[in-house]
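# Analysis of the macromolecular model
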Amino acid sequence: MLVANPSQGGMSKTEAEFRSDRSGGYRATMASHFSRKIEVTEVDGAVHLQFICGLAVLRVTADTLHIRIEAPSKEEMQQTCQVVESHLLRFAFREEPTPLIWRDL
């Protein structure tokens, strides 16, 4: 399996925030859900979701879930964003969430 290596130069990076009083629960739900399919680790309080197309890092502060995506190419970054965002919005359906706003880094 080819896995993106975030330490490589030229990585495409983006980030988004999802504000919710349940942000910690969403991070835990995402980690649990994806752990059956991909490598999921916790590093310094952040959950790392290692997809074939990129790395998603989920970190919680107060009422916000911070999401950072790193991938070898723009296309793989967008694919990783789509997977993470679609799952998060599905898990947060009771809050009637709006699409995330991604900021390139």
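Note: the structure precedes this text.
A brief report on the enclosed structure follows. (Residues numbered from 1 in each chain as written. Predicted model: local features only at pLDDT ≥ 70, side-chain atom pairs only at ≥ 80, totals over all residues. Heavy atoms only, no water.)

To continue, consider the overall build of the protein chain. Within the protein chain, the secondary structure is distributed over 2 helices and 6 strands. Along the protein chain, helices and strands appear, N-terminal first, in the series β-α-β-β-β-β-α-β. For the protein chain, the spread of C-alpha atoms along the three principal axes comes to 35 × 25 × 25 Å. Of all 105 residues assigned to the protein chain, the portion counted as buried reaches 41%. (Helix = DSSP H or I, 4+ residues; strand = E, 2+ residues; numbered from the N terminus. Buried < 20%, exposed > 50% of the residue type's maximum accessible area, 1.4 Å probe, protein only.)

Under the criterion given, the structure shown has 2 aromatic pairs. Ring centres 5.9 Å apart and planes at 70° place the aromatic pair Phe 18 and Tyr 26 in the edge-to-face group. Just as Phe 18 is buried, Tyr 26 falls in that class too. Aromatic side chains Phe 34 and Phe 51 sit 5.1 Å apart centroid to centroid with 80° between the ring planes, which places their arrangement in the edge-to-face category. Note that Phe 34 is positioned in helix H1 (residues 23-35) and Phe 51 in the loop between strand E3 (46-50) and strand E4 (55-61), a separation of 17 residues in sequence. Overall, Phe 34 belongs to the buried group, its relative accessible area being 3%. (Phe/Tyr/Trp six-rings, centres within 6.5 Å; stacked < 30°, edge-to-face > 60°.)

Pairing of E3 with E4 involves 4 bridges; the strand directions are antiparallel. Residue Gln 50 lies in a different strand from E4, and its bridge partner there is Leu 55. Between the end of E3 and the start of E4, which pair antiparallel, lie 4 residues. (Pairing = 2+ DSSP bridges.)

Here we take up the side chain of His 87. Along the chain, His 87 turns up in helix H2 (residues 74-91). There is a polar contact of 2.8 Å between the side chain of His 87 and the backbone oxygen of Val 83. The residues touching His 87, leaving out its near neighbours within four places in the chain, are Met 30, His 33 and Phe 34. (Polar contact = N/O pair within 3.5 Å; in protein donor to acceptor, adjacent residues only side chain to side chain. Contact = heavy atoms within 4.5 Å.)

Below, the discussion takes up the nonpolar core. In terms of nonpolar packing, the biggest core is built from 24 residues, with Phe 18, Phe 51, Ile 67 and Leu 88 touching the most fellow members. Counting residues per element, the ones that place at least two in this core are strand E1 (12-19), H1, E3, E4, strand E5 (64-71) and H2. Here the element with the most residues in this core is H2; it accounts for 6 residues. (Core = buried A, V, L, I, M, F, W, Y, C linked by side-chain atoms within 4.5 Å.)

Before going further, it helps to examine H1. Given a rise of 1.5 Å per residue, 13 residues ought to cover 18 Å, and the 18 Å separating the end C-alpha atoms of H1 matches this to within 8%. Residues of H1 that are buried: Ser 23, Tyr 26, Met 30, Ala 31, His 33 and Phe 34. Here the buried face of H1 lies against E1, strand E2 (39-43), E3, E4, E5 and H2. (Expected span 1.5 Å × (residues − 1).)

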